[in-house]
Amino acid sequence: MILVEDLRKSFGDVRAVDGVDLHVESGELLVVLGQNGAGKSTTLRCLGGILHPDSGLIELDGLRLPDRLDEVRARLGVVPDQARLYGRNTAPEYLDHFGYLYGVPEEVRRKRIASLLERFELADRADTVLAAYSRGMAQKVALIRATLHEPDWIFCDEPTAGLDPVAAADMRHYLGEQRTRGAALIVTTHVLSEAELMADRIAIMRKGVVVTHGTLEELRRKAGDGRVFSAQLAAAPTNQEGLEGWVREHALSHKLDGERLTYSLPWDTSTRDRAAFASRLQSQLDEHGAPFHQLKEEQTSLESVYIQAMDEPATAQSSVAPPLTPVVSGIPAARMFGSLRTQGGLLRHALPFYVSSWWRRGDLSWVMYLNAFVLLLVAATSLFGQLPGAAGQVAQRLAGGTALQAGLLLPLFFMSFALLESIKSSIGIWWEKAQGSLEVLLYTPVDDPSLIWLEVLPGAVVSTVWVTFWMAAGMAFLSLFGQSAPWDLLPVFAFVAAVTAYWAAMGRMLGFMLFPREGAAGGAWSFLLSPVSAAVADLPLALFVFRSPLAIGSLLLPITACFALTILCGTTFDRERLMETGLGRARKRRVWIPVAVLRRNAAAIAAGVLIAAASAGVAGTITASAHWHSWQDVQAAVTGGPPTDPVPAANAPVHAGPSTASGITVAAAALAGLVATLALMLVMVIVSFSAFFLLGLPALLGLIGAGALWGMQAGFGGAAPLEPWLAGAGGIALLALAVNTGAALPIYWSLVFGSGRRLDRLREAWAGYWTLFRGLVIPACALFGLVVFRLLAAG
């Protein structure tokens, strides 16, 4: 049984579902009718657990959502508004994948798949990839997927849309079989004739509200005053007024139009009474020379019931809704890492499935060609280093002792990044989201930690195996051509490949949560994540390659970073956020000067400026009291050397006069100013993103350090060379950094002290940061570029 009471769901200011009540017994089929945007799909998504209702009660066979959501998903089957299949797989492969996710034993699901494909006349297309299926065939596969595990509740969102009459009839028949099996079904459709054919009960929705519901007979009774009958007369009555007086006395209503008489009787009139009335009516008509030769009951059509429901005012809903059990977003760190122990089975199943799909996409072939080409470069480098005579001497002079390192780092660079770019578009959640099939996956009984690991682990395993194989091949070539191959570095390369893939995948998941509109698939997030990834993984790699004593200790950096990123991703995880796209939503008009955001974040911006001013003031005071006039004085004070004599301002070199800058100089200065502006903007964003993963500490320490450096430069006084320009440009850059750090402080605050709906506060903080970045930081960076331009143009 499905029980829904006073369900409500809003998206911003839009109330999509506004107090919906539904009740469906086992073995019953409820059809939900309504216009586009009436709230039908949103209601089904709330019932399926991938959207969080604002309030209301949802119970399926006594299992209340969201408390028992994992149990509900295992017994639920859903057919979305589109088939949403994996185009690169065959029907048996695709259905076997979802049968595994729903926990159907292998032997059982193999027999059911074969039987259902035969039942829907798809057995002869078992070797055809799903991308080649027609819409009707795809809908059949989607219905098989939703019922393969014989669910107790089935939701179908317009399952017959676009199907031919034969296919639609076959699908209705199959849904009837599921009803006979005892399943409770909710089906949405726009086709009224289908509702009449298959519905046990019908609910009509408008603007998020169920305006009327009941059996077809009950809806007809609500739409009309009584049973309507039509009599075709042999001729026009001789005494029309006398006849109408009699009919008016014995019927609810009537209408006489020439040789056609219509009348209505109460709904509860028995068959015997209806027959007796017809007999008396025939006697009256015979007396007036107009007996009827045809009498039939005119059924009230569902179309008229629907149109009448659309015209009626919606019933006012109670403003007090039953409270829903609070939804706790996010995954605790203990559960996140503890779930790793249970991922073995899912990984063993998902790896072959995703890799086969990846291979069919064709990406693996060009990655393989690229790696083979780079492997030839390694072999050529090794061989070229041994050539006799002048060629070998030239190679030794150009490459020296770093030939081996260069030959290994180059293929690693190509393989890692080319492979990751291919993996993310073929494996895991990114792939599901990109091709529109994510909704289907979210209905399966895969728990929240497993969804994250499904994005991370397959790609990490593939990357590790792939890079290790090609690195081993490269080292084998080195050994073959007489070079000393560093086999001890092979585990390091494998570790770096695993960390890079892990970081990239976990970062994409975090991007889905924070920036669902971009999906972390490109744009600013992926672009800014790359240098962080390089710093995390490639620094230890470089230290190992060059045999640094810090190499072992440097492994703590990527391990700690991945650990922190995993906690952040788990803390912010929310299935509903994965569904969000941002498409179709009204966008507010952007205001360049964000007054409201400035007021809300004034304290944070003031704190950033105050931190910079305090560190600069302290450093300037120390510089002035120590009588330092240049950086040489500072160096001398640190090293204990003699101080340098300051150059009096009066004796400072004086230019003969203003010089006229050439056109080339001005153009070069303008280009340098533009580059300086863009570079400073990029630095600001990189600082904020990097600090995000370390709770803001790097940004705060960097601001304090930058303030101290600028304070010391300002404290040197006029004797320092280029003091006005350096102090001015440095001050503007420091101001930009202070405002940027202040704008990001709410983000760090939410990470450290946030509770409850931490994700919502994080998204609000990031939105405020981007608004302030556009309104304050970019103008400061542009002013810095103008100062650079003026300094260079002046010569």
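Look up: the structure comes first, before these words.
What you are looking at is a predicted structure, and each value in this text was computed from that prediction instead of being measured.

Calculation notes
Per chain, residue numbering runs from 1 following the sequence as it is written. Reporting of local features is limited, given that this is a predicted model, to residues whose pLDDT is at least 70; pairs of side-chain atoms are given and counted only at 80 or more, and all residues count toward the totals for whole chains, interfaces and linings. Water and hydrogen atoms play no part in the side-chain values, which are based on all heavy atoms of the structure. Under this scheme, a helix contributes an axis fitted over its contacting stretch, all axes are lines through C-alpha atoms, and angles between N-to-C directions fall in the 0 to 180 degree range. Only DSSP runs of H or I covering at least 4 residues are called helices, and only runs of E covering at least 2 are called strands; the numbering of each starts at the N terminus. Roughly parallel refers to an angle under 35 degrees, roughly antiparallel to one over 145, roughly perpendicular to one between 65 and 115, and oblique to any angle outside these ranges. Take the far helix as the reference: if the near one is turned anticlockwise from it by less than a right angle, the crossing is left-handed, and if turned clockwise, right-handed. Residues are treated as being in contact if the distance between any of their heavy atoms lies within 4.5 Å. Each residue gets one of three labels from its accessible area relative to the maximum for its type: buried under 20%, exposed over 50%, partly exposed in between, using a 1.4 Å probe on protein chains only. In this tally, Asp and Glu contribute negative charge and Lys and Arg positive charge; neither His nor the terminal groups of the chain are included. In what follows, salt bridge is the name for a side-chain nitrogen of Lys or Arg lying within 4 Å of a carboxyl oxygen of Asp or Glu. Here the expected span of a helix is defined as 1.5 Å times the quantity of residues minus one. Think of it this way: DSSP has to see at least two bridges between two strands before they count as a pair.

Caption draft 1: Geometry of the packing of helix α20 (residues 490-514) against helix α23 (residues 556-572). With their axes 9 Å apart at the nearest point, α20 and α23 run at an angle of 25° to one another. With respect to their mutual orientation, α20 and α23 come out roughly parallel. Crossing geometry of α20 relative to α23 is assigned as left-handed. Contacts between α20 and α23 involve Phe495, Val499, Tyr502, Trp503, Met506, Gly507, Met509, Leu510 and Met513 from the first element and Pro558, Ile559, Ala561, Cys562, Leu565, Thr566, Leu568, Cys569 and Thr572 from the second.

Caption draft 2: Quick peek at the side chain of Asp157. In this structure, Asp157 sits in strand β7 (residues 153-157). The side chain of Asp157 sits in the buried core without any salt bridge; Arg45 is the nearest counter-charge, 5.8 Å away. Dropping the residues within four chain positions of it, Asp157 is found in contact with Ser41, Leu44, Val79, Pro80, Asp81 and Thr188.

Caption draft 3: Fine view of α23. Taking 1.5 Å per residue as the helical rise, α23 with its 17 residues ought to reach 24 Å, and the 24 Å between its terminal C-alpha atoms agrees with that figure. Burial in α23 covers these residues: Pro558, Ala561, Cys562, Leu565, Thr566, Leu568, Cys569, Gly570 and Thr572.

Caption draft 4: Molecular detail of the sheet that holds strand β3 (residues 29-34). The sheet built from 6 strands is open, its strands ordered β6-β7-β8-β3-β9-β10 with mixed pairing. Here the strands that pair on one side only, and so sit at the sheet edges, are β6 (76-79) and β10 (209-214). Averaged over all pairs of adjacent strands, the angle between strand axes in this sheet comes to 15°, irrespective of strand direction. Bridging between β3 and strand β8 (residues 184-188) involves 4 bridges; their strand directions are parallel.

Caption draft 5: How the structure looks around the pattern of salt bridges. Enumeration according to the criterion identifies 26 salt bridges in this entry. Between Asp61 and Arg75 there is a salt bridge whose closest N-O contact spans 3.0 Å. On the criterion of sequence distance, the pair formed by Asp61 in the loop between β4 (55-60) and β5 (63-64) and Arg75 in the loop between α2 (69-74) and β6 is long-range, its members being 14 residues apart. Residue Asp61 is classed as partly exposed on the basis of its relative accessible area of 34%. For Arg179, the salt bridge is made with Asp200, and the minimal N-O distance between the two is 3.1 Å. Note that Arg179 is positioned in helix α6 (residues 165-181) and Asp200 in the loop between α7 (192-198) and β9 (201-206), a separation of 21 residues in sequence. Arg179 gets classed as partly exposed once you look at its relative accessible area, which sits at 22%. Residue class for Asp200 comes out partly exposed when judged on its relative accessible area of 30%. Here the salt bridges do not stand alone but share partners, grouping Asp6, Arg8, Arg15 and Asp18 into one network.

Interpretation note: all reported values are geometric properties and have no functional meaning in isolation.
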